[in-house]
Amino acid sequence: MQPLIDHARSFGRRPEDFASLAQGQSPQVLFVTCSDSRVVPALITGARPGELFELRTAGNIVPPYVSGRPTSEAATVEYAVDVLGVSEIVVCGHSHCGAVGALVRGEDLNAVPAVRDWLAQAEPPTDAPDDDPAVADAVQNHVLAQLLRLGGYPCVQRALTAGHLRLHGWYYEVHTGAVRAHRPDTDSFEAL
């Protein structure tokens with residue numbers, strides 16, 4: 001913890017670097033990713049403060065939209081699209097994902113009921129090899145499923161129909177730092 005505290009102490013020593021952030025935010029991208037500590041959106045993208053609006057969930061799961069049943073995820077997506085006017089949404093899965101790996105392996109999660117119930121919202125990956133520690137294919141399929149889920153959000157539907165929003169699926173390799181993007185024309189994840 002001490003290195004984190006030391007960095008936090010020195011971080012604000014140049015307030016002029018941050019003064020403009022008090023005027024508000026206008027990110028162009030909603031970045032949906034896993035809460036895994038190895039996935040750092042600003043590090044991956046090189047974004048500066050104010051450039052990414054982030055939604056981090058266990059397994060980068062986007063729950064289905066249900067009218068009248070608000071969730072933190074739905075509120076974040078709606079705010080990003082309808083208030084901030086983001087023009088891009090990236091769903092970024094990652095290698096060695098514990099959440100997707102648990103689904104692929106059919107792990108018993110009864111000891112962690114909140115995790116079990118959260119992951120139950122994800123569609124179990126089909127035909128995924130359970131011996132791949134990176135769970136690459138399963139994670140990539142999971143990313144595509146989350147993009148489809150986002151399409152069920154009314155605000156996303158409206159923005160897509162109006163041509164004001166684009167969706168992107170990314171796969172980040174924690175062991176190499178490489179990022180691959182889904183290419184709809186080939187239905188494959190290829191290097192950026």
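Notes on the structure in this doc start here. Quick caveat, the model's predicted, so the values are computed rather than measured.

**Focus: the pairing of strand β3 (residues 88-94)**
Okay, step 1: Most of β3 is tucked away, with seven of its seven residues classed as buried.
Okay, step 2: What you see with β3 is no split at all: Glu88, Val90, Cys92 and His94 on one side and Ile89, Val91 and Gly93 on the other are buried throughout.
Okay, step 3: Of the strand pairs in this sheet, strand β1 (residues 29-34) and β3 are connected by five bridges, and their pairing is parallel. Its bridge partner being in β3, Phe31 is matched across the sheet by Val90.
Okay, step 4: In this sheet, strand β4 (residues 166-172) lies alongside β3 in parallel orientation, the contact comprising seven bridges. Within β4, the residue paired with Ile89 across the bridge is Leu167.

**What to know about the state of the cysteines**
Okay, step 1: Taken as a whole and judged by the stated rule, the model has zero disulfides.
Okay, step 2: With no disulfide partner, Cys97 has as its closest neighbouring cysteine sulfur the one in Cys34, 4.5 Å distant.
Okay, step 3: The class of Cys97 is buried, set by a relative accessible area of 3%.

**Structural notes on the nonpolar core**
Note that soluble globular proteins tend to have their nonpolar side chains buried in a common cluster.
Okay, step 1: The biggest cluster of nonpolar side chains holds 39 residues, and the ones touching the most others in it are Leu30, Val77, Val81, Val86, Ile89 and Val156.
Okay, step 2: Counting only elements with at least two residues in this core, the list comes to β1, β2 (52-57), α3 (72-83), β3, α4 (98-105), α5 (113-119), α6 (136-150) and α7 (154-161).
Okay, step 3: Per element, the largest residue contribution to this core is six residues, and it comes from α6.
Okay, step 4: Residues contacting Val156, with those up to four places away along its chain left out, are Val77, Val81, Ile89, Leu150, Gly151, Leu165 and Leu167.

**Here we look at the sheet that holds strand β5 (residues 179-183)**
Paired through backbone hydrogen bonds, the strands of a sheet run either parallel or antiparallel to each other.
Okay, step 1: Strand order in this open sheet of six strands is β2-β1-β3-β4-β5-β6, and the pairing throughout is mixed. Pairing within the sheet leaves two strands with one partner each, and these edge strands are β2 and β6 (188-191). Each neighbouring strand pair of the sheet contributes to a mean axis angle of 30°, computed without reference to strand direction.
Okay, step 2: Here β4 pairs with β5 via three bridges, running antiparallel. Counterpart to Tyr171 in the pairing with β5 is Arg180.
Okay, step 3: Sheet strands in contact with α6 are β3, β4, β5 and β6, and its direction is about 155° off that of β3.

**Focus on the environment of Gly59**
Okay, step 1: Within the fold, Gly59 resides in the loop between β2 and α3.
Okay, step 2: By relative accessible area, Gly59 is classed as buried at 1%.
Okay, step 3: Considering only alpha carbons, one finds Gly59 and Ser35, 24 residues apart in sequence, at a separation of 7.2 Å.
Okay, step 4: Sequence-distant contacts of Gly59, that is, excluding residues within four places in its chain, are made with Cys34, Cys97, Ala99 and His142.

**Re the pattern of salt bridges**
Okay, step 1: Summed over all chains, the structure comprises six salt bridges.
Okay, step 2: We note a salt bridge from Arg38 to Asp36, for which the minimum N-O separation is 2.7 Å.
Okay, step 3: Of the residues examined, Arg38 reaches a relative accessible area of 39% and is grouped as partly exposed.
Okay, step 4: Residue Asp36 is classed as buried on the basis of its relative accessible area, which comes to 16%.
Okay, step 5: With its nearest N and O atoms 2.9 Å apart, the salt bridge here joins Asp117 to Arg116.
Okay, step 6: Among the residues examined, Asp117 registers a relative accessible area of 44% and is labelled partly exposed.
Okay, step 7: Residue class for Arg116 comes out partly exposed when judged on its relative accessible area of 31%.

Rules and cut-offs
- Residues numbered from 1 in each chain as written.
- Predicted model: local features only at pLDDT ≥ 70, side-chain atom pairs only at ≥ 80, totals over all residues.
- Heavy atoms only, no water.
- Buried < 20%, exposed > 50% of the residue type's maximum accessible area, 1.4 Å probe, protein only.
- Helix = DSSP H or I, 4+ residues; strand = E, 2+ residues; numbered from the N terminus.
- Pairing = 2+ DSSP bridges.
- Disulfide = S-S within 2.5 Å.
- Core = buried A, V, L, I, M, F, W, Y, C linked by side-chain atoms within 4.5 Å.
- Contact = heavy atoms within 4.5 Å.
- Axes fitted to C-alpha atoms, helices over the stretch in contact; angles between N-to-C directions.
- Salt bridge = Lys/Arg side-chain N within 4 Å of Asp/Glu carboxyl O.

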